[in-house]
Amino acid sequence: MKKLFGTFGVRRIANKQLTPEFASRLSAAFGSLTDGKIAVGGDTRTSTPMIKHAVIASLLSTGCDVVDLGILPTPTVQYAVRKYYDAGVIITASHNPPQYNGIKFVDEHGIGIKEELEEKIEKIFFEEKAERVPWDRIGSTTKNRKIIREYIDEIIKRVDADIIREANFTVVVDCGSGAGSYTTPYLLRELGCEVLSLNCQPDGFFPGRDPEPTPKNLKNLMDIVKVSKADLGIAHDGDADRMVAVDEKGRFADFDKLLTLIAKEKGGKIITTVDASISLDECLKEVGGEVIRTKVGDVHVAEALIKEGGTFGGEPSGTWLHPEFSLSPDGIFSALKLVEIVSKEGPLSRLLDEIPSYYNIRDKIPCPDTKKDNVMEKVKQQLPKQFTEKIQIDNIDGVRISLEDGSWVLIRPSGTEPYIRVRIEAKKEKTAKKLHNMSRSFLEKII
Ligand code: MG
């Protein structure tokens with residue numbers, strides 16, 4: 001059982017739990033298990049330089065060489081690692097509030113390290129058995145200031161630059177004062193878009209909005225897109241591995257629709273998670289594509305992309321993976337791909353409206369972490385009769401019940417909070433409500 005690592009590395013309140021000492025001990029454990037040249041980069045948080053220096057000192061003490069990449073989006077650090085280095089450390093708390101920070105270790109492919117390695121790191125951490133090298137083998141540091149330019153050029157090579165230039169779009173970009181500020185506005189400007197930048201001044205206090213790009217936090221973006229008559233709006237989370245969009249009418253683009261829109265464009269084998277809408281399957285059928293579902297989490301999507309030879313992977317949380325460029329979520333590349341699609345076929349509002357949407361209910365029912373396993377066991381064994389007749393059940397992640405008419409219920413324990421999550425999708429509102437009531441009373445009974 002892991003004690004430090006969550007789904008996205010280690011994330012804590014900076015200088016409370018995540019102190020320089022903690023960062024140093026954790027990185028020394030990682031450095032003891034890794035050799036070669038390690039890239040270190042981080043987001044715009046006030047605590048990032050403090051943690052970064054602790055991380056670098058520790059890595060050097062274990063004999064690793066370090067390339068200090070400075071402040072960069074997570075996908076840009078991952079790009080640098082997969083191209084040039086043996087591993088990476090990313091200092092970011094992604095979409096969490098400003099007081100948080102985190103440490104994420106990535107392997108030579110720029111992908112989050114495997115659970116086995118996390119467990120080994122924890123063992124060294126708790127036993128305080130980091131391997132410090134003698135004085136004549138301590139690592140050295142260098143910088144690589146060219147990486148942003150190179151990353152931008154590599155993205156431009158992979159989109160239809162002529163079509164984007166011809167479209168002559170106005171795009172409002174809201175980076176939330178996060179690390180995307182260094183990339184997305186410049187990229188779009190180079191491709192001839194008129195860019196109206198909103199919260200694109202890097203600032204660890206996140207004065208304009210919270211780092212999480214939710215509809216509630218993006219009211220300004222939605223208003224400005226509409227008032228300025230822009231063609232679309234783009235927003236990122238704090239480290240720009242996520243991308244969300246706003247159509248030219250100022251409406252926040254539904255994640256399932258955005259997923260379907262990009263997936264339709266790509267065709268072939270699409271990898272998504274158990275919580276994605278069935279409208280994706282229906283739209284993909286029309287273009288001769290196929291949908292494969294995995295557990296929730298971008299690492300699982302990446303694994304399936306490799307195994308199945310997928311063309312695109314996405315989660316309905318604003319996380320998009322384009323294997324022709326990267327096997328990690330890249331919000332910046334995704335933004336450019338979306339602008340390309342809208343340039344070819346837009347407007348965005350019409351493209352989204354053409355995708356069917358069904359009745360969705362998302363709910364969470366309180367359940368202490370210690371009871372989650374037991375409750376999920378009961379879910380599997382004691383499903384109500386209405387659920388068990390003429391249905392298909394899969395246990396890819398939690399329990400997903402698909403009914404004959406296409407509606408489905410997903411019951412899964414939250415990975416980060418003391419809740420059991422329920423998601424329901426149905427073609428009729430009445431069915432959705434009925435399934436919701438049934439699931440709720442069933443869960444309340446067994447918790
Ligand atoms: Mg993120």
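This text goes with the structure placed above it.
Here's a quick rundown of the structure. Within each chain, residues carry numbers counting from 1 in the order of the written sequence. Thresholds applied to this predicted model are a pLDDT of at least 70 for local features of residues and 80 or more for the giving and counting of side-chain atom pairs; totals over whole chains, interfaces and linings are not thresholded and use all residues. Heavy atoms throughout the structure, all of them, feed into the side-chain values; hydrogens and water do not.

Runs of H or I in DSSP of at least four residues are treated as helices and runs of E of at least two as strands, each being numbered from the N terminus. Summing up its helical and strand segments, the protein chain has 16 helices and 19 strands in all. Just to be clear, the radius of gyration here is over C-alpha atoms, and the globule rule we use is 2.2 Å times residues to the power 0.38. Relative to the compact-globule value of 22 Å for 447 residues, the protein chain shows a C-alpha radius of gyration of 22 Å, a close match. Taken over the C-alpha atoms alone, the protein chain extends approximately 70 × 55 × 40 Å along its principal axes. Across the protein chain, the fraction of contacts at a sequence separation of at least 24, relative to all contacts at a separation of at least 6, is 68%. In the form shown here, the protein chain has an accessible surface area of approximately 19,300 Å², with 49% of it arising from carbon and sulfur atoms. Only four residue types enter the charge count, namely Lys and Arg as positive and Asp and Glu as negative; His and the chain termini do not. For this purpose, a charge sits on NZ of Lys, CZ of Arg, CG of Asp or CD of Glu. Taking the average place of the 64 positive charges on the side chains of the protein chain and the average place of its 67 negative ones, the gap between the two points comes to 4 Å. In this analysis, two residues are considered to be in contact whenever any of their non-hydrogen atoms come within 4.5 Å of each other. Accessibility throughout is a Shrake-Rupley quantity obtained with a 1.4 Å probe, and a residue counts as covered only by protein chains that appear here.

In an ideal octahedron of six donors the angles at the metal are 90 or 180 degrees, and in an ideal tetrahedron of four donors they are 109.5 degrees. The protein atoms that coordinate the magnesium ion are Ser 94 (OG), Asp 237 (OD), Asp 239 (OD) and Asp 241 (OD), at distances of 2.0 to 2.2 Å. Linear spacing of the donor residues for the magnesium ion on their chain is S-x142-D-x1-D-x1-D. With Ser 94 in the loop between β4 (87–91) and β5 (100–106) and Asp 239 in the loop between β9 (232–236) and β10 (243–246), this residue pair connects regions lying 145 residues apart in the sequence. Residue burial is assigned from relative accessible area. The probe radius is 1.4 Å, only protein chains are included, and a residue is buried under 20% of its type maximum, exposed over 50%, and partly exposed in between. A relative accessible area of 6% places Ser 94 in the buried class. Each metal site lists N, O and S donors within 2.8 Å (3.2 Å for Na, K and Ca). With water left out of the atoms, a site can look as if it is missing ligands.

Turning next to the sheet that holds strand β12 (residues 290–294). Paired strands, in this sense, are two strands between which DSSP finds at least two bridges. If you walk across this open sheet you meet the 4 strands as β12-β11-β13-β14, and the pairing is mixed. Two strands in the sheet have a free side with no partner beyond their single neighbour: β12 and β14 (319–321). If you compare each strand with its neighbour and ignore which way they point, the axes differ by 20° on average. Pairing geometry for strand β11 (residues 269–273) and strand β13 (residues 312–315), over 3 bridges, is parallel. Lines fitted to the C-alpha atoms define the axes, with helices restricted to the stretch that makes contact. Angles between their N-to-C directions range from 0 to 180 degrees.

This next bit is on the packing of helix α9 (residues 255–266) against helix α12 (residues 331–345). The geometry of α9 relative to α12 is characterised by a closest axis approach of 11 Å and an angle of 70° between their N-to-C directions. For the element pair α9 / α12, the angle class is roughly perpendicular. Residues Leu 258, Leu 261, Ile 262 and Glu 265 of α9 form the contact with α12, whose own contacting residues are Leu 338, Ile 341, Lys 344 and Glu 345. We call Asp, Glu, Lys and Arg charged. Ala, Val, Leu, Ile, Met, Phe, Trp, Tyr, Cys and Pro are nonpolar, and the rest, Gly among them, are polar. Of the residues contributing to the contact of α9 with α12, the split by class is 5 nonpolar, no polar and 3 charged. Angles are sorted into four bins: roughly parallel if under 35 degrees, roughly antiparallel if over 145, roughly perpendicular if 65 to 115, and oblique for all others.

Another point: the environment of Arg 423. Position of Arg 423 relative to the elements: it lies in strand β19 (residues 419–426). Separated by 13 residues in sequence, Arg 423 and Leu 410 have C-alpha atoms that sit 5.1 Å apart. Aside from chain neighbours lying at most four places away, what touches Arg 423 is Asp 256, Asp 275, Ala 276, Ser 277, Asn 360, Ile 361, Arg 362, Trp 408, Val 409 and Leu 410. Of the polar contacts made by the side chain of Arg 423, one reaches the side chain of Asp 256; its length is 3.1 Å. Whenever a nitrogen or oxygen atom comes within 3.5 Å of another N or O atom, the pair is scored as a polar contact, on the condition that within protein one atom can donate a hydrogen and the other can accept it, and that pairs from neighbouring residues in sequence are kept only if both atoms are in side chains. In this structure the side chain of Arg 423 is engaged in a polar contact, spanning 2.4 Å, whose partner is the side chain of Asn 360.

Two aromatic rings from Phe, Tyr or Trp, using only the six-membered ring of Trp, form a pair when their centres are within 6.5 Å; if the ring planes differ by under 30 degrees the pair is stacked, by over 60 it is edge-to-face, and anything between is tilted. Evaluation of the coordinates by the stated rule reveals 11 aromatic pairs. On the basis of an interplanar angle of 55° and a centroid distance of 6.2 Å, the ring pair of Phe 5 and Phe 105 is categorised as tilted. Taken together, the residues Phe 5 in the segment before β1 (10–13) and Phe 105 in strand β5 connect sequence positions 100 residues apart. The class of Phe 5 is buried, set by a relative accessible area of 7%. Between the aromatic rings of Phe 252 and Phe 255, the centroid separation amounts to 5.6 Å while the plane-to-plane angle is 75°, which identifies the pairing as edge-to-face. In this structure, Phe 252 and Phe 255 share a single accessibility class: buried. Among the aromatic residues, those joined into a cluster by ring pairs are Tyr 79, Tyr 151, Phe 325 and Phe 333.

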